[in-house]
Amino acid sequence: MTKPLIAVIDYEMGNLHSVSKALELAGGRVEVTSNPARIRSAQGVVLPGVGAFGEAVKRLGRLKLMATISSALEKCKPFLGICLGLQLLFETSEESPRLRGLGLFKGKVIRFKKSQSASLKVPHMGWNQIEKAKGDETHCLRRLPEGTYFYFVHSYYPEPEDQSVIATTTTYGRKFCSSVASGSLFASQFHPEKSGAQGLQLLKNFVGGVARCS
């Protein structure tokens with residue numbers, strides 16, 4: 001069976017090597033690209049990212065990728081967002097309040113407040129557990145039990161207005177949205193490519209979903 005082609009969007013703000021190698025290990029055929037035509041022709045799309053929300057929006061704008069990503073989302077192409085790639089799906093971020101994200105989901109991205117816990121360190125860094133908000137219905141989370149640990153590195157997290165899109169929550173000082181799911185889209189605040197066997201299972205689930213949609 002031909003491996004599905006997955007475009008990993010390159011806007012120079014993500015660990016592209018780790019993400020692409022993990023997707024290949026999960027069974028995908030990966031192309032790291034900033035070419036809108038190549039992204040449109042791929043069977044699945046991955047938006048990784050680390051760094052500042054505002055800089056990411058500016059780079060995606062300069063590369064004329066905001067419209068390309070929006071088009072892929074509108075066409076319900078299998079889509080995976082990772083870390084900053086999750087935050088960019090929302091309208092705004094406290095980190096860069098004057099710049100707008102993709103706005104697929106209503107809501108904003110907010111910063112952890114140290115006052116939430118005397119021992120709370122920002123950024124939230126290391127292994128933490130997920131709690132499933134939708135049971136086992138989220139395809140990317142199949143074969144991953146409640147309480148599975150994933151690796152996090154972030155200071156901000158999204159607050160969706162529509163609570164039904166939340167796929168998992170995680171507790172760090174407070175309970176926060178650690179992933180969202182809608183149709184063929186899944187996006188996580190945690191890094192599956194850095195999360196060992198459980199992260200690989202999530203990526204296999206995603207790649208399998210891309211193959212079935214092809």
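First, a word on scope: everything that follows refers to the structure included in this document. Not measured: the values here are computed from a predicted model. (Residues numbered from 1 in each chain as written. Predicted model: local features only at pLDDT ≥ 70, side-chain atom pairs only at ≥ 80, totals over all residues. Heavy atoms only, no water.)

## Examining the layout of surface pockets
Leftover empty space is mapped by rolling, across the atoms, a probe with the size of a water molecule. The volume enclosed by the largest pocket comes to roughly 280 Å³. What lines the largest pocket is a set of 16 residues, and nearest its centre among them are His139, Cys140, Gly183, Ser184 and Leu185. For the lining of the largest pocket, the secondary-structure elements that each account for two or more residues are strand E12 (174-182), strand E13 (185-188) and helix H6 (196-213). No other element matches H6, which puts four residues into the lining of the largest pocket. Across the lining of the largest pocket, the residue classes tally to eight nonpolar, six polar and two charged. Its boundaries defined by the atoms lining it, the second largest pocket holds a volume of some 160 Å³. Taken together, 13 residues line the second largest pocket, and the ones lying closest to its centre are Gly51, Cys83, Val153, His154 and Ser155. Broken down by secondary-structure element, the contributors of at least two residues to the lining of the second largest pocket are helix H5 (84-87) and strand E9 (149-154). For the lining of the second largest pocket, the class distribution of residues is six nonpolar, six polar and one charged. (1 Å grid on protein atoms, 1.4 Å probe; cavity = no way out; pocket = protein on both sides within 12 Å on 5 of 7 lines; lining within 4 Å. Points joined across faces, edges and corners; volume = space filled by probe spheres on them. Helix = DSSP H or I, 4+ residues; strand = E, 2+ residues; numbered from the N terminus. Nonpolar A, V, L, I, M, F, W, Y, C, P; charged D, E, K, R; others polar.)

## Remarks on the pattern of salt bridges
By the definition in use, this model includes nine salt bridges. Between arginine 38 and glutamate 31 there is a salt bridge whose closest N-O contact spans 2.7 Å. Here arginine 38 falls in the partly exposed class, since its relative accessible area comes to 35%. Arginine 174 is the salt-bridge partner of glutamate 159, the closest N and O atoms lying 3.2 Å from each other. One end of the pair, glutamate 159, is in strand E10 (residues 156-160); the other, arginine 174, is in strand E12, and 15 residues separate them in sequence. The exposure class of arginine 174 is partly exposed, given its relative accessible area of 32%. One network of salt bridges, with partners in common, ties together Glu12, Glu55, Arg59 and Arg62. (Salt bridge = Lys/Arg side-chain N within 4 Å of Asp/Glu carboxyl O. Buried < 20%, exposed > 50% of the residue type's maximum accessible area, 1.4 Å probe, protein only.)

## What to know about the state of the cysteines
Scanning the model with the defined rule gives zero disulfides in all. Here cysteine 177 stays unpaired: no disulfide links it, and the sulfur of cysteine 83, its closest cysteine neighbor, is 13 Å away. For cysteine 177, a relative accessible area of 5% gives the class buried. (Disulfide = S-S within 2.5 Å.)

## Structural notes on helix H4 (residues 66-74)
Turning to H4, its buried residues are Thr68, Ile69, Ser71, Ala72 and Leu73. Those residues of H4 hidden inside the fold are in contact with strand E1 (5-9), helix H2 (36-41), strand E3 (44-47), helix H3 (53-62), strand E4 (79-82) and E13. Where H4 terminates, the next one or two residues include cysteine 76, which has phi positive at roughly 60°. (Contact = heavy atoms within 4.5 Å.)

## Description of the nonpolar core
With 34 residues, the main nonpolar core has Leu23, Val46, Leu80, Phe186, Leu202 and Phe206 as its most contacted residues. Of all elements in the fold, only E1, helix H1 (16-25), E4, E9, strand E11 (166-172), E12 and H6 reach the threshold of two or more residues within this core. Setting aside its immediate chain neighbours within four residues, phenylalanine 206 contacts Ile6, Leu23, Val45, Val46, Pro78, Phe79, Leu80, His139 and Cys140. Counting residues in hydrophobic clusters, the runner-up holds 33 residues, among them Ile39, Leu47, Val57 and Leu60. (Core = buried A, V, L, I, M, F, W, Y, C linked by side-chain atoms within 4.5 Å.)

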